[in-house]
Amino acid sequence: MKHKNIAIFVPHAGCRQTCAFCNQRTITAQEAMPRAADVQRICAQAYAEISDRRHTEVAFFGGSFTAIDRGYMLELLQAVQPFLGEDGFCGIRISTRPDCISREVLELLQSFHVTAIELGAQSMCDHVLLANERGHTAKAVTDACALIREYGFSLGLQMMVGLYQSSVEDEWHTVEEICRLHPDTVRVYPVVVLKGTTLAEKLKNGEYQLFSFSDTVELCARMLWKFHSESIPVIKCGLHASEFVEQDMVDGFYHPAFRELCESRIYRERMEELLTTRGTRAVLAVHPSAISKAIGQKRSNLLYFQERGISVTVTGDAELKEYEIAIRE
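So, a few notes on the structure that sits alongside this text.

Parameters at a glance
Starting afresh in each chain, residues are numbered from 1 along the sequence in its written order. The model is predicted, so local features are restricted to residues of pLDDT at least 70 and side-chain atom pairs to those at 80 or more, both for listing and for counting; the totals for chains, interfaces and linings are taken over all residues. Side-chain metrics rest on all non-hydrogen atoms present in the structure, leaving aside hydrogens and water. Buried and open spaces are told apart on a 1 Å grid over the protein atoms alone, a cavity being a set of points where a 1.4 Å probe fits but cannot get out and a pocket being an open set with protein on both sides within 12 Å along at least five of seven lines. Residues with an atom within 4 Å of a point are the lining residues. Grid points are joined across faces, edges and corners, and a volume is the space filled by probe spheres set on the points. A run of H or I in DSSP becomes a helix once it reaches four residues, and a run of E becomes a strand once it reaches two; helices and strands are each numbered from the N terminus. Three categories are distinguished: nonpolar for Ala, Val, Leu, Ile, Met, Phe, Trp, Tyr, Cys and Pro, charged for Asp, Glu, Lys and Arg, and polar for the others, with Gly belonging to the last. Only heavy atoms enter the contact rule, under which two residues are in contact if any of them lie within 4.5 Å. Nitrogen and oxygen atoms within 3.5 Å of one another constitute a polar contact, given that in protein one can donate a hydrogen and the other can accept it, and given that sequence-neighbouring residues count only through two side-chain atoms. Each residue is placed in one exposure class: buried if its accessible area under a 1.4 Å probe, protein chains only, is under 20% of its type's maximum, exposed if it is over 50%, and partly exposed if it falls in between. Whether two strands pair depends on DSSP finding at least two bridges between them. Axis definition: a line fitted to C-alpha atoms, limited for helices to the stretch in contact. Angles are taken between N-to-C directions and run from 0 to 180 degrees. Take the buried Ala, Val, Leu, Ile, Met, Phe, Trp, Tyr and Cys residues and link them wherever side-chain atoms come within 4.5 Å; each set so joined is a nonpolar core. Roughly parallel means an angle under 35 degrees; roughly antiparallel, over 145; roughly perpendicular, 65 to 115; everything else is oblique. For any helix crossing, the convention is left-handed if the near helix is rotated counterclockwise from the far helix by under a right angle, and right-handed if that rotation is clockwise. In this tally, Asp and Glu contribute negative charge and Lys and Arg positive charge; neither His nor the terminal groups of the chain are included. The term salt bridge refers to a pairing of a side-chain nitrogen on Lys or Arg with a carboxyl oxygen on Asp or Glu at a separation within 4 Å.

Moving on to the layout of surface pockets. What the second largest pocket holds in volume is close to 220 Å³. As for the second largest pocket, its lining consists of F213, S214, V217, L261, S264, R265, R268, Q297, S300, N301 and Y304. With 4 residues, helix α11 (residues 258-275) is the largest single contributor of residues to the lining of the second largest pocket. Considering only residue class, the lining of the second largest pocket consists of 4 nonpolar, 5 polar and 2 charged.

Quick look at the structure:
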């Protein structure tokens with residue numbers, strides 16, 4: 001069954017510094033810090049609306065949860081406890097920095113039914129982490145992952161694509177390292193340059209050049225396929241659609257359907273492999289949920305093949321798996 005999160009944002013809380021790319025108040029679209037009453041209100045509403053609570057976690061996102069003031073962290077965790085248990089939500093998910101993980105904090109999280117920890121790795125290249133003012137090394141990510149695994153938490157890793165001083169080779173090194181660590185989930189965030197950040201300043205003065213948008217879509221499509229081939233679920237690709245991001249972005253790789261653009265590229269490449277020996281017409285089947293991806297945004301994939309003299313029709317087949325394509329004619 002599909003996993004769900006009840007997202008509660010704690011913007012910039014616990015962060016020891018502001019990274020070059022970061023403006024959490026834009027990303028989370030809020031300024032105020034939630035208190036216990038806010039958490040209980042959100043949980044109570046979700047409890048009443050969600051029937052599949054055994055596959056739903058309460059998730060604290062937006063800051064470095066394990067580095068926030070201890071009293072405040074306990075306040076938030078305690079507020080969730082009445083909504084967990086046999087008929088309640090299955091646990092708590094938190095996000096934090098790799099250098100804010102210790103045995104002491106992991107034991108504390110265990111006692112409050114935290115089930116999943118996501119680390120903002122961003123890159124596995126030390127020179128990229130340094131250039132973007134992350135304040136930790138790639139080894140800190142590896143060490144934190146080992147500890148989280150030891151304590152039995154579900155492990156998630158988050159990476160960013162197109163950071164300052166990161167090359168395509170650096171991006172692939174990060175992907176390969178994440179695959180080696182084999183987390184339970186991955187989030188892929190192509191860079192969005194926001195107002196008021198160091199990246200915005202570097203972009204303005206010419207120090208920072210972004211990849212092209214089309215190259216980034218192709219690169220992220222290859223990443224999705226790589227993680228898929230390694231059986232690592234990608235639970236997010238691209239920032240969530242938000243009017244706050246749209247109004248505060250300076251440049252970067254934001255699109256409200258970014259993941260679908262990437263998955264459409266995967267389908268196009270796989271369709272092309274099948275059609276190399278076909279004639280001028282073909283009927284291809286995909287899972288019904290993937291028809292729009294196979295067709296492409298604004299029919300881009302069908303037009304791509306049409307320009308090459310091949311008329312493609314896409315149909316649905318519920319027996320097919322993700323990214324699987326079958327020739328029907």
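Its location among the elements puts Y151 in the loop between α6 (138-150) and β5 (154-161). Sequence separation between Y151 and S300 is 149 residues, and the spatial gap between their C-alpha atoms is 46 Å. If we skip the residues at most four places from it in the chain, Y151 touches R103, L106, E107 and Q110. A distance of 3.2 Å separates a polar atom in the side chain of Y151 from a polar atom in the side chain of E107.

Its identity is not glycine, yet H182 carries a phi of approximately 45°, on the positive side. Turning to its location among the elements, H182 is positioned in the loop between α7 (168-181) and β6 (185-190). Phi is positive for R299, which is not a glycine, with a value near 60°. Mapped onto the elements, R299 comes out in the loop between α12 (291-295) and α13 (300-306).

Position of L275 relative to the elements: it lies in helix α11. Residue classification places L275 among the buried positions, given a relative accessible area of 3%. Remark: the alpha-carbon pair of L275 and I327, spanning 52 residues in sequence, is separated by 9.0 Å.

Turning to the sheet that holds strand β8 (residues 234-237), a few remarks are in order. One open sheet holds the 7 strands; their spatial order is β1-β2-β3-β4-β5-β6-β8, and the pairing between them is parallel. On the outer flanks of this sheet lie β1 (4-9) and β8, each paired with one strand and no other. Across the sheet, the axes of successive neighbouring strands diverge by a mean angle of 20°, strand direction being ignored. Inspection of the sheet shows strand β4 (residues 114-122) paired to β5 by 6 bridges, in the parallel sense. Paired with Q122 across the strands is M159, a residue of β5. Lying over the sheet, α7 contacts β4, β5 and β6, oriented at roughly 175° with respect to β5.

On to the nonpolar core. Ranked by internal contacts, the top residues of the largest apolar core, which has 106 residues, are F60, L106, I117, V188 and F227. Filtering out sequence-adjacent residues up to four positions away, I117 remains in contact with I94, T96, I101, L106, L109, I148, F153, S154, L155 and G156.

Two packed helices can be described by the angle between their axes and the distance between those axes. Interhelical geometry of helix α2 (residues 36-49) versus helix α3 (residues 70-80) gives an angle of 25° and a closest axis separation of 9 Å. The angle between the axes of α2 and α3 places the two elements in the roughly parallel class. The element α2 and its partner α3 pack so that their crossing is right-handed. Side by side, α2 and α3 meet where A36, V39, Q40 and C43 of the first sit next to E75, L76, A79 and V80 of the second. Taken together, the residues of the contact of α2 with α3 sort by class into 6 nonpolar, 1 polar and 1 charged.

On to the sheet that holds strand β11 (residues 311-316). If you trace the 3 strands from one edge of the open sheet to the other, you get β11-β10-β12, paired in mixed fashion. At either end of the open sheet lies a strand with only one pairing partner, and these are β11 and β12 (326-327). Across the sheet, α11 touches β10 (281-286), β11 and β12, and the angle it forms with β10 is around 130°.

For the rest of this paragraph, the subject is the side chain of R268. Relative to the elements of secondary structure, R268 occurs in helix α11. Here R268 sits buried without a salt bridge, and the closest side chain of opposite charge, E272, lies 5.1 Å off (N-O distance). Dropping the residues within four chain positions of it, R268 is found in contact with N301, Y304 and F305.

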